[in-house]
Amino acid sequence: MTQILLLHGPNLSQLGSRDPAQYGTATLDEVVTVAREQARAGAATLEHLQTEHEGEMVSRLHLARTDGTDAVIINAGAWTHYSYALRDALEMLDAPKVELHLSNVHARESFRSTSVLTAVCDGVIAGFGIAGYPLAVRAAIDLLDRRGP
Ligand code: DQA
């Protein structure tokens with residue numbers, strides 16, 4: 001079965017009450033559930049990690065190189081904009097990678113328009129709130145289908 005790894009970076013644990021105008025009112029559990037349901041519909045399983053610690057996410061990406069992870073969906077939060085460590089860890093990973101954001105990062109403060117991750121991901125989904133999660137799962141499965149066995 002296809003294994004998708006969904007990663008969330010710092011402050012995304014606070015979804016539901018964090019700046020609802022930007023991020024909506026769904027909690028982290030709710031966005032993960034929506035993603036998991038879409039994965040199930042595509043005959044995939046979804047594992048989730050949220051962490052406030054950059055090194056933990058880097059280590060999880062290293063593990064993903066060998067633990068059977070087929071695709072990664074990553075909402076790296078603010079690390080998106082400056083973490084070369086995450087960028088390098090993603091670059092090492094051969095699996096398809098989808099960068100995901102709840103908000104339209106290009107319509108906000110200028111520092112959010114820069115992502116150091118985009119160049120090492122297959123594509124980006126941003127600005128669709130919780131609806132972006134099933135889109136990201138479908139994109140990951142589609143990328144895997146296109147790669148073939
Ligand atoms: C975010 C956008 C980032 O700029 C921000 O730091 C986040 C959330 C999003 O999902 O829209 O923490 O990744």
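Refer to the preceding data block for the structure.
Only a predicted model underlies this, so the values are computations on that prediction, with no experimental measurement involved.

**Q** Explain the nonpolar core to me, using residue names and the numbers behind them.
**A** One finds Ile4, Leu46, Ile73 and Val137 to be the most contacted residues of the largest nonpolar core, which totals 26 residues. Among the elements of the structure, β1 (2-8), α2 (28-41), β2 (44-50), β3 (71-75), β4 (97-101) and α5 (132-147) are those that each provide at least two residues to this core. Not counting chain neighbours up to four residues away, the residues in contact with leucine 46 comprise Ile4, Leu6, Val32, Ala35, Arg36, Ala39 and Val137. Of all hydrophobic cores here, the second largest spans 20 residues; its members include Leu7, Ala89, Leu90 and Cys121.

**Q** Provide a residue-level description of the packing of α2 against α5, including the pertinent values.
**A** Contact geometry of α2 with α5 gives a least axis separation of 8 Å together with a crossing angle of 35°. The handedness of the crossing between α2 and α5 comes out as right-handed. Contacts from Val31, Val34, Ala35, Gln38 and Ala39 of α2 reach α5 at Tyr133, Pro134, Val137 and Arg138. When its residues are assigned to classes, the contact of α2 with α5 shows seven nonpolar, one polar and one charged.

Definitions and cut-offs
- Residues numbered from 1 in each chain as written.
- Predicted model: local features only at pLDDT ≥ 70, side-chain atom pairs only at ≥ 80, totals over all residues.
- Heavy atoms only, no water.
- Core = buried A, V, L, I, M, F, W, Y, C linked by side-chain atoms within 4.5 Å.
- Buried < 20%, exposed > 50% of the residue type's maximum accessible area, 1.4 Å probe, protein only.
- Helix = DSSP H or I, 4+ residues; strand = E, 2+ residues; numbered from the N terminus.
- Contact = heavy atoms within 4.5 Å.
- Axes fitted to C-alpha atoms, helices over the stretch in contact; angles between N-to-C directions.
- Left-handed = near helix turned anticlockwise from the far one by under 90°.
- Nonpolar A, V, L, I, M, F, W, Y, C, P; charged D, E, K, R; others polar.

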